[in-house]
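# Structural features, examined
As a plain string of letters, each chain reads:
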Amino acid sequence: MHARRTRRAARLLATAAVAALCAFGLAAPAADAADTPPPGANNWSCKPDSAHPQPVVLVNGTFKTSFENWLTLSPALADAGYCVFSFEYGGLETAPIADSAAELRDFVNAVLGATGAQKADLVGHSQGGMMPRYYVKFLGGATKVDDLVGIVPSNHGTTNPLALVAGATVCPSCVDQTAGSDFLQKLNADPEAPVGPDYTAIATRFDEVVLPYTSSFLDGPATRVTNVLLQDRCPLDLTEHDQAPKSPLVEQWVLNALKRGGPADQAFVPRCLGSG
């Protein structure tokens, strides 16, 4: 019953969100896409193997459906041998972020129960790369998350003035993601990267939503935190915020982070061809 109410709320918000989506330069999702997982995701009979011991939970960004956000990365992770899961949350991700983090907690618990795994890896885009940090820091996630990989995450919010415009319209999570918000001050109070998971934050110099792009980065010891700027390895890469989850270059960094102990290897050299 709760899931049906959540889906109905998401559909009602979809129409109102169009104006805010346009303000951010993002495309509105199809009305029926919120119920459709991306390819490769949500096989609840999947069991992790010794080479891929943690299931991967994908956490989409603001105004995004899971299907659209992970259309490319979800099947790539499944093909690489991971059990992949995704979910919709927060009424098109517009709810207060603390509430959405509680939904993530419940979903991770369901994934761990189904797979028998002790911990999960989380891969998130934009809000979805930042919101799990609230789960880790305040809702018990520190013992249940092995890797947190943020793709252009809004870890320190954005100075983009359109965030407040959208927030005043239909999007409390946009207000939460405004640089200097009460929510972000609480989240980023020392330590930014609590002990538990390993953290990888992937940013692009051409981010037009999370401004400045360095807002994606986290403070923490190199043993647990790796900050990646795509153009440091691939100077000609032109990836922007919305396209980042579909970037072949980003995919390489995600797989590097997931397959090794610790965060992504700071010395990793990806293939740059075709990554723009």
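Every chain is numbered on its own, with residues counted from 1 as its sequence reads. Reporting of local features is limited, given that this is a predicted model, to residues whose pLDDT is at least 70; pairs of side-chain atoms are given and counted only at 80 or more, and all residues count toward the totals for whole chains, interfaces and linings. To get the side-chain values, all heavy atoms of the structure are used, and hydrogens and water are removed first.

### Some remarks on the sheet that holds strand β5 (residues 198-203)
- Pairing between two strands is assigned when DSSP locates at least 2 bridges connecting them. Elements are defined by DSSP. Helices are runs of H or I of four residues or more, strands are runs of E of two residues or more, and each kind is numbered from the N terminus. Pairing is parallel in the open sheet, where 6 strands are placed in the order β2-β1-β3-β4-β5-β6. The outermost strands of the open sheet, each flanked by one partner alone, are β2 (84-86) and β6 (225-229). The sheet shows a mean angle of 15° between the axes of neighbouring strands, direction not considered.
- Sheet topology places β5 next to β6; 5 bridges connect them, and they run parallel. Helix axes are fitted only over the stretch in contact, all axes being lines through C-alpha atoms; the angle between N-to-C directions runs from 0 to 180 degrees.

### What to know about the nonpolar core
- Residues V57, L104, V108 and L122 are the most contacted members of the largest nonpolar core, which totals 30 residues.
- Only β1 (56-59), α5 (97-115), β3 (120-125), α6 (127-138), β4 (145-151) and α9 (182-187) provide two or more residues apiece to this core.
- By definition, residues are in contact when any of their heavy atoms lie within 4.5 Å. Among all residues touching V57, those that are not within four sequence positions of it are F85, F87, L104, F107, V108, V111, A120, D121, L122 and V123.
- Buried Ala, Val, Leu, Ile, Met, Phe, Trp, Tyr and Cys residues that are joined via side-chain atoms within 4.5 Å together make up what is termed a nonpolar core. Buried residues are those whose accessible area, probed at 1.4 Å on protein chains only, stays under 20% of the maximum for their type, while exposed residues exceed 50% and partly exposed ones sit between those limits. Membership of the second largest hydrophobic core comes to 25 residues, among which are L73, C234, A244 and V250.

### A word on the pairing of β5
- Most of β5 sits out of view: 6 of its 6 residues are buried.
- Of the two faces of β5, both are covered, the one formed by D198, T200 and I202 as well as the one formed by Y199, A201 and A203.
- Judged from the 5 bridges that link them, β4 and β5 form a sheet pairing that is parallel. Paired with I151 across the strands is I202, a residue of β5.

### Comments concerning the side chain of N69
- Residue placement: N69 occurs in helix α2 (residues 66-69).
- Using a relative accessible area of 1% as the deciding quantity, one classes N69 as buried.
- N69 has contacts with N60, G61, K64, H125, P245 and K246, leaving out every residue within four places of it along the chain.

### What to know about α6
- With 12 residues, α6 should reach 16 Å at 1.5 Å per residue; the first-to-last C-alpha distance of 17 Å fits that figure.
- All buried positions along α6 are accounted for by Q127, G128, G129, M130, M131, P132, R133, Y134, Y135 and V136.
- Of the residues one or two after α6, G140 is the one with positive phi, at around 90°. Residue count minus one, scaled by 1.5 Å, sets the expected span of a helix.

### Focus: the pattern of salt bridges
- Salt bridge, as used here: a side-chain nitrogen of Lys or Arg that lies within 4 Å of a carboxyl oxygen of Asp or Glu. In the structure shown here, the tally under the stated rule is 4 salt bridges.
- Residues E68 and K64 are paired through a salt bridge, measuring 3.1 Å at the closest nitrogen-oxygen approach.
- We classify E68 as partly exposed; its relative accessible area is 28%.
- Of the charged contacts in the structure, one is a salt bridge between E68 and K246, with a shortest N-O distance of 2.8 Å. With E68 in helix α2 and K246 in the loop between α10 (230-233) and α11 (248-259), this pair connects stretches of sequence that are 178 residues apart.
- By relative accessible area, K246 is classed as partly exposed at 29%.
- Members of the salt-bridge network, linked through shared partners, are K64, E68, D242 and K246.

### A few points about the packing of aromatic side chains
- Stacked, edge-to-face and tilted are the three classes for Phe, Tyr and Trp ring pairs, Trp counted by its six-membered ring, which pair at centre distances within 6.5 Å; planes under 30 degrees apart are stacked, over 60 edge-to-face, the rest tilted. This model, assessed by the stated rule, comprises 7 aromatic pairs.
- Between the aromatic rings of F87 and Y89, the centroid separation amounts to 5.5 Å while the plane-to-plane angle is 35°, which identifies the pairing as tilted. The burial state of F87 is the same as that of Y89; both residues are buried.
- On the basis of an interplanar angle of 85° and a centroid distance of 5.0 Å, the ring pair of W253 and F268 is categorised as edge-to-face. Remark: F268 occurs in the segment after α11 and W253 occurs in helix α11; sequence separation between them is 15 residues.
- Take W253: its relative accessible area is 2%, and that puts it in the buried class.

### Things to note about the confidence of the model for the chain
- The pLDDT value expresses, per residue, how confident the predictor is, ranging between 0 and 100. Scored by pLDDT, the chain comes out at a mean of 89, with 84% of its residues at no less than 70.
- Low pLDDT, under 50, characterises residues 1-32; the predicted model gives this stretch 34 contacts beyond four residues in sequence or across chains.

### Brief notes about the state of the cysteines
- In this description, the term disulfide denotes a pair of cysteine sulfurs within 2.5 Å. By the definition in use, this model includes 3 disulfides.
- Put simply, C171 and C174 are joined by a disulfide, and their sulfur atoms are 2.1 Å apart. Between C171 and C174, the S-S dihedral sits near 80°, and the bridge is therefore right-handed.
- On the accessibility criterion, C174 (3% relative accessible area) is buried.
- The disulfide that involves C234 links it to C272, with 2.0 Å between the sulfurs. Here the disulfide of C234 and C272 is left-handed, its torsion about the S-S bond being about -80°. Of this pair, C234 sits in the loop between α10 and α11 while C272 sits in the segment after α11, and the two are 38 residues apart along the sequence.
- Here the chain pairs its bonded cysteines, counted in sequence order, in the arrangement 1-2, 3-4, 5-6.

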